[in-house]
Amino acid sequence: MSFRKIDIDAYDEDVVLEGELCEPDPRDPAQVLRDAKQKQAAVRSSLARGDIPGTLEIALDNIPYGPNVEEAKNLTLQIVVSILNSTKSSEILSVVKALSQDAQDTLMKYIYKGMGMPGWGDVSGSVLLGWHEKLTEVAGTGCIVRVMTDRKSV
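Procedures and definitions
Residues numbered from 1 in each chain as written. Predicted model: local features only at pLDDT ≥ 70, side-chain atom pairs only at ≥ 80, totals over all residues. Heavy atoms only, no water. Helix = DSSP H or I, 4+ residues; strand = E, 2+ residues; numbered from the N terminus. Buried < 20%, exposed > 50% of the residue type's maximum accessible area, 1.4 Å probe, protein only. Lys, Arg positive; Asp, Glu negative; His and termini not counted. Salt bridge = Lys/Arg side-chain N within 4 Å of Asp/Glu carboxyl O. Polar contact = N/O pair within 3.5 Å; in protein donor to acceptor, adjacent residues only side chain to side chain. Contact = heavy atoms within 4.5 Å. Patch = residues over 30% accessible without salt bridge, like charges linked within 9 Å, V, L, I, M, F, W, Y side chains within 5 Å. Areas by Shrake-Rupley, 256 points an atom, 1.4 Å probe, with all protein chains shown as cover. Expected span 1.5 Å × (residues − 1). Axes fitted to C-alpha atoms, helices over the stretch in contact; angles between N-to-C directions. Parallel < 35°, antiparallel > 145°, perpendicular 65-115°, else oblique. Left-handed = near helix turned anticlockwise from the far one by under 90°. Nonpolar A, V, L, I, M, F, W, Y, C, P; charged D, E, K, R; others polar.

## Some thoughts on the side chain of lysine 39
(1) Moving on: Within the secondary structure layout, lysine 39 lies in helix α2 (residues 29-49).
(2) Moving on: For the buried residue lysine 39, which engages in no salt bridge, the nearest side chain bearing the opposite charge is aspartate 61, 6.5 Å off.
(3) Moving on: Separated by 3.4 Å, the side chain of lysine 39 and the backbone oxygen of asparagine 62 make a polar contact.
(4) Moving on: What lysine 39 contacts, discounting residues up to four positions off in sequence, is Ile58, Ala59, Asp61, Asn62, Ile63 and Ile79.

## Remarks on a nonpolar patch on the surface
(1) Moving on: A surface patch of nonpolar side chains, about 370 Å² in accessible area, is lined by Ile6, Ile8 and Tyr11.
(2) Moving on: Here tyrosine 11 shows up in the segment before α1 (18-21).
(3) Moving on: Here tyrosine 11 falls in the exposed class, since its relative accessible area comes to 68%.

## Some remarks on helix α6 (residues 101-115)
(1) Moving on: For α6, spanning 15 residues, the distance from its first C-alpha to its last is 21 Å, which sits close to the expected 21 Å at 1.5 Å a residue.
(2) Moving on: With respect to burial, α6 is a largely interior element, eleven of its 15 residues being buried.
(3) Moving on: Those residues of α6 that are buried are in contact with α3 (52-60), α4 (70-85), α5 (92-98), α7 (125-139) and α8 (141-149).

## Observations regarding the packing of α3 against α4
(1) Moving on: Where α3 meets α4, the axes come as close as 10 Å, and the angle between the chain directions of the two elements is 165°. By the angle between their directions, the pair α3 and α4 is classed as roughly antiparallel. Crossing angle aside, the handedness with which α3 passes α4 is left-handed. Across the interface between the two elements, Ile52, Thr55, Leu56, Ala59 and Leu60 of α3 pack against Thr76, Ile79, Val80, Ile83 and Leu84 of α4.
(2) Moving on: Of the residues contributing to the contact of α3 with α4, the split by class is eight nonpolar, two polar and no charged.

So, to be careful, I would describe these as geometric facts and stop short of saying anything about function.
Structure follows, in structure tokens:
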């Protein structure tokens, strides 16, 4: 038996599994996907009215997290990116100021997720960087630290 084929973590009592880092979304994966699709419809109607802060609050409320909900996570990312892309750069600061601290932190998570997926969907690096700049200006570097240390990934 080669030493390279032995999984030493299987023998370690202190090993931490991904599922132990944070509790999974209590909703059923099918329910999470249904909620994301309903959220998409609500966001479309709110965007048509031109209410960007309200639309962003809808999109950032009750986000999917944990394992087995990748489709809902991607749909929610699409929703958030479409909102960010449809906002004029002159309105970004007022929209960010209208968000709660939790919503600002969640928005930063989606900005980082979008930056990590170049060429995916409607993701535009310049738009995300513009939002990142304004969000950091309003929420401070504490927002970045909270996002980097939060175990609930989007």
